[in-house]
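Notes for the structure review
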Amino acid sequence: MSGRESKPSMEQLAALCKRRGFIFPGSELYGGINGFWDYGPLGTELKRNVREAWWEAMVRLRDDVVGLDSAIIMHPRVWEASGHAEGFTDPMVDCRSCRRRFRVDQLYENLGIELEPGSVADMSLKLPADARCPVCGSRELTEPRAFNLMFRTFVGPVEDDSAAAYLRPETAQGIFVQFHNVLSVSRMKIPFGIAQIGKAFRNEINPRNYTFRSREFEQMELEYFIKPGTDEQWHDYWVEERLKWYRGIGLAGDHLHRYVYGKEELAHYASACVDITYDFPFGAQELEGVAARGDYDLRRHQEYSGKSLEYFDAESGRSYIPHVVEPSAGVDRIILALLCEAYREEWVPREAHAGSRPEIRPVEPGTNPPEGLEKRTVMGFSPRVAPIKVAVFPLLKNRPQLVEKSRRIFEELRQHWTAFWDITGAIGRRYRRQDEAGTPFCITVDFQTLDDDTVTVRDRDTMQQERFTVSELPRVLEQKGLP
RNA sequence: GCGGGAGUAAUUCAGUGGCAGAAUGUCAGCUUCCCAAGCUGAACGUCGCGGGUUCGAGUCCCGUCUCCCGCUCCA
């Protein structure tokens, strides 16, 4: 894990997120509910921007990717085909050494011990003595546990096993199941991809680290279908594409890493997997997994559905089941990374004057601010993802001319960007409020505005002001980086 | 899942069995020609929730939920 100079504590970050309206604890009115979180006004905008940045990069600006929005609840057989239902009813054992998972009754079988019929699904079944991992031979096995990580529900009013269904634990299966329909309507040729953003649900044993591991979360997944044999080249391509994208939304390059799975860590059907990790305050953790999954998923669905999912390649005149490379990102984890990246505390001058460049110093933890300086908290979001792009103020609220003029400018700018208008309290307070919201620019209407139609544009990071005429504001703000 | 710590206003926290508090923030007004200024006023709490002990519980006991830390786990 590479260093970051000053890590915010997760408590500080959570306090700011709640105070400013990024993230609230779920169902807080009733004492909260473990593993569920709500996004407030600012968090919602932030999340929208992240989704849109992904959709733009992955779908809108590409010729070879189309979108899909599939249902959260799917036919239960989908999860048998995908392998997710395995372990839902049977106790499972994990090998700590090679990360593979087995039904506990198989371990008995391997040792030549016969189990009574019906005891296969017995949740009290213990690990047999002398149990070894059937693959790597290790004794490092976990105790048997039920792996019902899918949320179960019922379709229709009767709560009968035959009506059981599951909230999807990943969005990817919707893509595989609709592969053939999308292919036939989109006139896509391999290589091409199908992208989807949506909620997924996992009944995690132990949600931790703020929103990092939640029971309800949002995924952005691409399934990129390729010609067999080109897996490695496309896998490399997508890892690099995705890293570029993370840098583009403002995550520093030296906080991002690749975790390359060793052969023994890979799922049996995967030929490669790279996690893109971010240096969170609680350690380097996965934002996205990019996996080369071969033809496993489509082949399984072909097998379980009995319908052909082959692709006819006109160039070679051959049919085959496409292989797939899957970049699968967690929206909420990206949000958390952006919040961690953006959070900073600084010592800034008590007084500032238009034109001069204020001296800004990083906070030395555990010390008081030097004479004449005070602490400010800033969320340094990239303009691309900042929830509010620009705020507009009158210098004083008891001068109707200033208030009206600022309102007109606000009405104009909100046509282009998410804007905010604030007339309450002192001007400095309004600046600081926007600093905590991460707003890149604040525009102030003062008395000079009434003479020459110029306003000040205050930069969040430098706290410096420049004057521009009102008419050139959209162009200037765009030049300064507003998307 | 195990062990430890914590939960009082929006936030940070004080409150030694006897009236529910402070600072900051928020809102309104006044003031103010640019960085959380000042003045006045206001709102804000079933002290996480539920039981128990007690004349009386934020405080003691039991249970439970939530959060944090460490282990464990993590498609």
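Computed from a prediction, not measured in an experiment: that's the story for all the values here.

1. Looking at the overall build of chain A
The number of helices and strands found in chain A is 13 helices and 24 strands. Over its C-alpha atoms, taken along the principal directions, chain A stretches across nearly 90 × 55 × 50 Å. Each of the 483 residues in chain A was classed as buried or not, and the buried ones make up 49%. Look at the contacts in chain A between residues 6 or more apart in sequence, and 66% of them connect residues 24 or more apart. When the accessible surface of chain A is totalled, it reaches about 23,600 Å², and 48% of it is carbon and sulfur. Computing the positive centroid from 64 side-chain charges and the negative centroid from 74, chain A places the two 4 Å apart.

2. Overview of the sheet that holds strand β20 (residues 390-394)
One open sheet accounts for five strands, arranged β21-β20-β22-β23-β24; its pairing is mixed. Every interior strand has two partners, whereas the edge strands, β21 (419-421) and β24 (465-469), have only one. Neighbouring strand axes in the sheet, compared pairwise and without regard to direction, differ in orientation by 25 degrees on average. Inspection of the sheet shows strand β22 (residues 441-445) paired to strand β23 (residues 454-459) by four bridges, in the antiparallel sense. When the sheet's bridge partners are listed, Phe441 is paired in β23 with Asp459. Here helix α11 (residues 427-437) sits on the sheet and contacts β20, β21, β22, β23 and β24; the angle it forms with β20, its principal contact strand, is near 170 degrees.

3. Looking at the sheet that holds strand β10 (residues 216-226)
Backbone hydrogen bonds hold the strands of a sheet together, and the pairing may be parallel or antiparallel. Across the sheet, which stays open at both edges, the seven strands sit in the order β3-β9-β10-β16-β13-β12-β11 with mixed pairing between neighbours. Of all strands in the sheet, those with a lone pairing partner are β3 (65-67) and β11 (256-260), marking the two edges. Between one strand axis and the next, the sheet turns through 25 degrees on average, direction left out of account. The pairing of strand β12 (residues 272-280) with strand β13 (residues 283-294) spans nine bridges and is classified as antiparallel. Within β13, the residue paired with Ala272 across the bridge is Ala292. Here helix α2 (residues 41-60) sits on the sheet in contact with β3, β9 (192-201) and β10, set at roughly 160 degrees to β9. Those strands touched by helix α6 (residues 179-186) are β3, β9 and β10, and its axis lies near 140 degrees from that of β9.

4. With respect to the nonpolar core
In terms of nonpolar packing, the biggest core is built from 57 residues, with Tyr246, Leu339 and Phe381 touching the most fellow members. Counting residues per element, this core draws most heavily on helix α9 (residues 331-342), which supplies nine residues. When sequence neighbours within four positions are dropped, the list of residues in contact with Phe381 reads Phe22, Leu46, Leu338, Leu339, Ala342, Ala386, Pro387, Ala437, Gly438 and Arg460.

5. Here we look at the packing of helix α1 (residues 10-20) against α9
Interhelical geometry of α1 versus α9 gives an angle of 105 degrees and a closest axis separation of 11 Å. When the axis of α1 is compared with that of α9, the two are roughly perpendicular. Residues Met10, Leu13 and Cys17 of α1 touch α9, and the partners they reach there are Leu336, Leu339 and Cys340. Here the contact of α1 with α9 is composed, by residue class, of six nonpolar, no polar and no charged.

6. Things to note about the environment of Gly21
Within the element layout of this structure, Gly21 appears in the loop between α1 and β1 (23-25). Considering only alpha carbons, one finds Gly21 and Ala252, 231 residues apart in sequence, at a separation of 24 Å. Once residues within four sequence positions are removed from consideration, Gly21 is found in contact with Leu16, Gly40, Pro41, Leu42 and Gly43.

Definitions and limits used
Residues numbered from 1 in each chain as written. Chains lettered and ligands numbered in written order. Predicted model: local features only at pLDDT ≥ 70, side-chain atom pairs only at ≥ 80, totals over all residues. Heavy atoms only, no water. Helix = DSSP H or I, 4+ residues; strand = E, 2+ residues; numbered from the N terminus. Buried < 20%, exposed > 50% of the residue type's maximum accessible area, 1.4 Å probe, protein only. Contact = heavy atoms within 4.5 Å. Areas by Shrake-Rupley, 256 points an atom, 1.4 Å probe, with all protein chains shown as cover. Lys, Arg positive; Asp, Glu negative; His and termini not counted. Charge placed at Lys NZ, Arg CZ, Asp CG, Glu CD. Pairing = 2+ DSSP bridges. Axes fitted to C-alpha atoms, helices over the stretch in contact; angles between N-to-C directions. Core = buried A, V, L, I, M, F, W, Y, C linked by side-chain atoms within 4.5 Å. Parallel < 35°, antiparallel > 145°, perpendicular 65-115°, else oblique. Nonpolar A, V, L, I, M, F, W, Y, C, P; charged D, E, K, R; others polar.

Any functional reading would require information that these geometric values do not contain.
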